[in-house]
Amino acid sequence: LELSEESEVLKESEGGEEQESIPTELPSQESDNPTSIPPVDLPTRLVDPDDLDYLGAFCLPETGDELGWGYSGYAMTYYPQGDPQGSDDGFQGSLFVLGHDQSQVVGEISIPAPVISESKNPTELPTAVMLQPFNDIRGGMFEYLEVPRAGLAYLPPQDAQTTGKLYFCWGQHFQFEREPSHGWSDLDLSAPNPAGLWYVGEYTNYITNDYLFEIPQAWADTYTPGLRLATGRFRDGHWGGLGPALLAIGPYNEGNPPPPGSTLQQVTPLLLYGEHVDGNPEIDISGGHQMDTYSEPDEWSGGAWLTAGDKSAVILVGTKAIGRSWYGFSNGVEFPISGDEDEEYPEVPPWPHDDRGWWSEDISAQILFFDPSELGSVARGEIETWEPQPYAVMKLDDTLFDPGFDYERAKRFLVGAADFDRENGLLYIVERRADENDYSIIHVFRVEP
């Protein structure tokens, strides 16, 4: 493939080294839309599951707090400048991690070099150090949340946002009315100075207020100028569509900070398996637009944007329903949901099968891989929000310490949040309730270029 003069100039400006990733098609002078071709510096290949090298895991530190790291890890973000005095072991930076589901407080921890435990024994793992103790970074902005959902994402200074911020979002299982959900805080957990809350456009909370992660600068410059944050949610059942949702936002464009109660106007959908209807808390699924392998009991709880050399991928991690699925009770008893008044309602089974909801025969911890260029086509309106499909799936069950259901412990979801250290190519994934004390551990993968 011959390089255009523009590409030759780019090559010279970067020290004369030939670039590995060049476009397979170059815009002609007659092109009506030359910007539709990704620039040379965007990755052109896809991260494959085989590119993820498992390095091991580590434990969270003891806090002496009854509501500490038990039932934790539903939200997490990597902070590159964290733990500056830490050891030079290749695992620089720190992690801000959400604690117990009931307390919804955030702590900052160090990142020890992970260890692979062949016996799946947490006592064989290294333990992180608490760098900042737990604190509620929300400043009383949220009332009690039933079955909470949450996201965290560090973002360095951006335009009007003159300092690095810890972005957050919170929601809950039922949200019949649209509510403000997003905000930011400072990195000092003892004085978080939270700002918000903001609505995400006119979108229902069922697709906005769970996972949060950074969008790489080059991709955002190409497809979503000024929008460096990805936010989204998967809601079990079908209220949030027939698959996970993802939108690009940039709150810093609309104030430092945007006023409390304001609606973010700059929102670009990247993924939505259904159609949004203003004022409707549910996504319209009448068109049948569905993600491949979608099942109602699924839970996609974390996400990250991977880059490694000339490869990239958008990933979502979570718990995949396996086999037959139904609404009802974990012992297989179905509960009618058609609304037909003549249907008979079953008796509630005895413990531990008395929790009503979406269930399946089995579960698997998995990673879904999406093509960033397809999400770019969605952002530009070239394809519909439901057209991208996962190009690969990676199962995590062999790396987990406690896979599968545990009905007596009411354990039905396997993993929580994820985040990515872009400089060092390290992917962090939380395994929730990984031991008999319901503490989380953090698994580490290196994404090889």
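Residues numbered from 1 in each chain as written. Predicted model: local features only at pLDDT ≥ 70, side-chain atom pairs only at ≥ 80, totals over all residues. Heavy atoms only, no water.

K.L.:
Please clarify how the overall build of the chain should be interpreted in this entry.
P.N.:
The helix and strand tally for the chain stands at three helices and 22 strands. Relative to its length of 449 residues, the chain is compact, with a C-alpha radius of gyration of 22 Å against a globular reference of 22 Å. Partitioning the contacts of the chain with sequence separation of at least 6, the portion at a separation of at least 24 is 65%. In the chain, the 23 positive side-chain charges and the 79 negative ones have mean positions that sit 3 Å from each other. (Helix = DSSP H or I, 4+ residues; strand = E, 2+ residues; numbered from the N terminus. Rg over C-alpha atoms; globule rule 2.2 N^0.38 Å. Contact = heavy atoms within 4.5 Å. Lys, Arg positive; Asp, Glu negative; His and termini not counted. Charge placed at Lys NZ, Arg CZ, Asp CG, Glu CD.)

K.L.:
What should I look at first to understand the side chain of His443 in this one?
P.N.:
For His443, the location among the structural elements is in strand 22 (residues 441-447). Taking the relative accessible area as the measure of exposure, His443 reaches 2% and is therefore buried. Among the polar contacts made by the side chain of His443, one reaches the side chain of Glu431 at a distance of 2.7 Å. In contact with His443, other than residues within four places in its own chain, are Tyr54, Gly56, Ala57, Thr399, Leu400, Phe401, Leu427, Tyr428, Ile429 and Glu431. (Buried < 20%, exposed > 50% of the residue type's maximum accessible area, 1.4 Å probe, protein only. Polar contact = N/O pair within 3.5 Å; in protein donor to acceptor, adjacent residues only side chain to side chain.)

K.L.:
What am I meant to see in the packing of aromatic side chains here?
P.N.:
Centre distance and the angle of the planes are the two values used to describe a pair of aromatic rings. In this structure the tally under the stated criterion is 24 aromatic pairs. Taken together, a centroid distance of 6.2 Å and an interplanar angle of 15° make the contact between Tyr78 and Tyr428 stacked. One end of the pair, Tyr78, is in strand 3 (residues 76-79); the other, Tyr428, is in strand 21 (residues 426-431), with 350 residues separating them in the sequence. On the accessibility criterion, Tyr78 (6% relative accessible area) is buried. Ring geometry for Trp359 against Tyr407: centres 6.1 Å apart, planes inclined by 50°, an arrangement best described as tilted. (Phe/Tyr/Trp six-rings, centres within 6.5 Å; stacked < 30°, edge-to-face > 60°.)

K.L.:
Hey, could you run me through the sheet that holds strand 20 (residues 415-421) in this one?
P.N.:
Two strands in a sheet stick together by hydrogen bonds in their backbones, pointing the same way (parallel) or opposite ways (antiparallel). Overall, antiparallel pairing links the four strands, which are arranged 2-22-21-20 in an open sheet. Looking at which strands have only one partner, the edges of the open sheet turn out to be strand 2 (52-59) and strand 20. Here the average twist between neighbouring strands, direction ignored, is 20°. When strand 20 meets strand 21, the two strands line up antiparallel, connected through five bridges. Note on strand 21: the bridge partner recorded for Asp421 is Leu426. (Pairing = 2+ DSSP bridges. Axes fitted to C-alpha atoms, helices over the stretch in contact; angles between N-to-C directions.)

K.L.:
I keep staring at the sheet that holds strand 3 and nothing clicks. Help me out?
P.N.:
Judged by pairing direction, the sheet is antiparallel, and its four strands sit side by side in the order 3-4-5-6 without closing on themselves. The sheet is open, and its two borders are formed by strand 3 and strand 6 (130-135), each paired with just one other strand. Across the sheet, the mean angle separating the axes of adjacent strands is 15° when strand polarity is ignored. By the bridge criterion, four bridges tie strand 4 (residues 94-98) to strand 5 (residues 106-109) in an arrangement that is antiparallel. The residue bridging Leu95 from the neighbouring strand is Ile109, located in strand 5.

K.L.:
Where do I start with the nonpolar core in this structure?
P.N.:
In globular proteins that are soluble, nonpolar side chains generally tend to be buried together. Ranked by internal contacts, the top residues of the largest apolar core, which has 34 residues, are Leu52, Ile315, Ile367, Phe369, Leu427 and Ile429. Those elements giving two or more residues to this core turn out to be strand 2, strand 16 (299-308), strand 17 (311-328), strand 18 (357-370), strand 19 (392-395), strand 20, strand 21 and strand 22. For this core, the element with the highest residue contribution is strand 18, accounting for five residues. With sequence-adjacent residues up to four places away left out, Ile315 is seen in contact with Gly302, Gly303, Ala304, Leu306, Ile367, Leu368, Phe369 and Leu427. (Core = buried A, V, L, I, M, F, W, Y, C linked by side-chain atoms within 4.5 Å.)

K.L.:
Even after reading the chapter, I still don't get the pattern of salt bridges, so can you show me in this structure?
P.N.:
Two side chains with opposite charge may pair up if their charged atoms get near one another. The tally for this structure, following the rule as stated, stands at 17 salt bridges. A salt bridge links Arg432 to Asp101, with the nearest nitrogen and oxygen atoms 2.7 Å apart. You can see Arg432 sitting in the loop between strand 21 and strand 22 and its partner Asp101 sitting in the loop between strand 4 and strand 5, a full 331 residues away along the chain. Residue classification places Arg432 among the buried residues on the basis of a relative accessible area of 9%. (Salt bridge = Lys/Arg side-chain N within 4 Å of Asp/Glu carboxyl O.)

K.L.:
Quick question: what am I supposed to make of the side chain of Thr231 here?
P.N.:
One can find Thr231 in strand 12 (residues 229-231). Classification of Thr231 as buried rests on a relative accessible area of 0%. One polar contact links Thr231 to His182, side chain to side chain, over a distance of 2.9 Å. In contact with Thr231, other than residues within four places in its own chain, are Cys169, His182, Thr208, Tyr211, Leu212, Ala245, Leu246, Leu247 and Ile249.

Everything listed is a geometric property; what it means functionally is a separate question.
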